[in-house]
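Per-entry structural report
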Amino acid sequence: MAWNDERVDLLKKLWSEGLSASQIAGRLGGVTRNAVIGKVHRLGLSGRATTSRMKSHRPRARAATAAGARRMQQTKRFAQQGNPALRALYQPEAEPYTPQAEELVIPLKERRTIQTLTECSCRWPIGDPQAADFHFCGKNKVNGLPYCEFHARRAFQPPQPRRREREIERLPALVAASSKESADA
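Residue positions are given per chain, counted from 1 along the sequence in the order it is written. Restriction of local features to residues with pLDDT of at least 70 applies here, the model being predicted, together with a cutoff of 80 or more for giving and counting side-chain atom pairs; totals for whole chains, interfaces and linings are based on all residues. Side-chain metrics in this entry use all non-hydrogen atoms of the structure; hydrogen atoms and water are not considered.

1. Brief notes about the environment of glutamate 119
Rule in force here: Under the DSSP-based scheme used, a helix requires at least four consecutive residues in state H or I and a strand at least two consecutive residues in state E, with every element numbered from the N terminus. Relative accessibility decides the category of a residue: with a 1.4 Å probe and only protein chains considered, values under 20% of the type maximum give buried, values over 50% give exposed, and everything between is partly exposed.
Inspection of the secondary structure assignment puts glutamate 119 in the loop between α6 (84–90) and β1 (125–126). Judged by its relative accessible area of 70%, glutamate 119 falls in the exposed class.

So this is what it looks like as structure tokens:
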């Protein structure tokens, strides 16, 4: 379908009357809603007439409550700016990240860079990648894993039992305690 002058004029008329892109596409026939939207943007049409449905909807004023005001204050107080991972780059006064667990001390001669890693080297990164002393562990890795034994234990934590599973495990003890109480009574 080509946009000829007659169809463009009809599009402009229907757009100014406040019809939606889907309604205009249905009336024109042979075009999609997206084609109508694209043509409207290319023509630079804006200023749509309001429909009766649009006039009837007025935003309601919200009643200010004490709880709502508190919520707004808390939201402002705890609001975060930007990506937390990148925040330290733009806030030099912020404390640098310190790892929670102790790290292995790798002697200088055993440290590996990305270029010196071998197939059997532990690939655990140590330090800040932007710092000059950044390196990889480089110790012999465990077969089938990318890390040495120390870092594999740190990386692959056993899953904690789910709450439901813990309750099922405690169930026999609870039943025994309740039956003991009923026998004593």
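Once you've had a look at it, read on.
2. Points about the packing of helix α1 (residues 5–16) against helix α3 (residues 33–43)
Angle between the axes and distance between the axes are the two parameters that describe a pair of packed helices. Threshold: The convention used is that axes are lines fitted to C-alpha atoms, helices contributing only their stretch in contact, and that angles between N-to-C directions extend from 0 to 180 degrees. Every angle not falling under 35 degrees, over 145, or within 65 to 115 is termed oblique; those three ranges are roughly parallel, roughly antiparallel and roughly perpendicular. Contacts: residue pairs with any heavy atoms within 4.5 Å of one another. Throughout this entry, Asp, Glu, Lys and Arg are counted as charged residues, while Ala, Val, Leu, Ile, Met, Phe, Trp, Tyr, Cys and Pro are counted as nonpolar. The remaining residues, Gly among them, count as polar.
Packing of α1 against α3 brings their axes to within 11 Å, and their N-to-C directions diverge by 90°. Considering the angle they form, α1 stands roughly perpendicular to α3. Residue-level contacts link Val8, Leu11, Lys12 and Trp15 of α1 to Val36, Lys39, Val40 and Leu43 of α3. Partitioning the contact of α1 with α3 into residue classes produces 6 nonpolar, no polar and 2 charged.

3. Focus: the state of the cysteines
Threshold: The disulfide definition used here is simple: a pair of cysteine sulfur atoms within 2.5 Å.
Considering all chains together, one arrives at 0 disulfides under this definition. Of all cysteine sulfurs in the structure, the one in cysteine 122 sits closest to cysteine 148, which takes part in no disulfide; the separation is 3.8 Å.

4. Quick look at the side chain of lysine 39
Here is the rule we go by: Positive residues here are Lys and Arg, negative ones are Asp and Glu, while His and the chain termini are left out of the count. Between Lys or Arg on one side and Asp or Glu on the other, a salt bridge is scored when a side-chain nitrogen of the former is within 4 Å of a carboxyl oxygen of the latter.
One can find lysine 39 in helix α3. Buried and unpaired, lysine 39 has aspartate 5 as its nearest opposite-charge partner, separated by 8.1 Å. When residues no more than four places from it in sequence are discounted, the contact partners of lysine 39 are Trp3, Val8 and Leu11.

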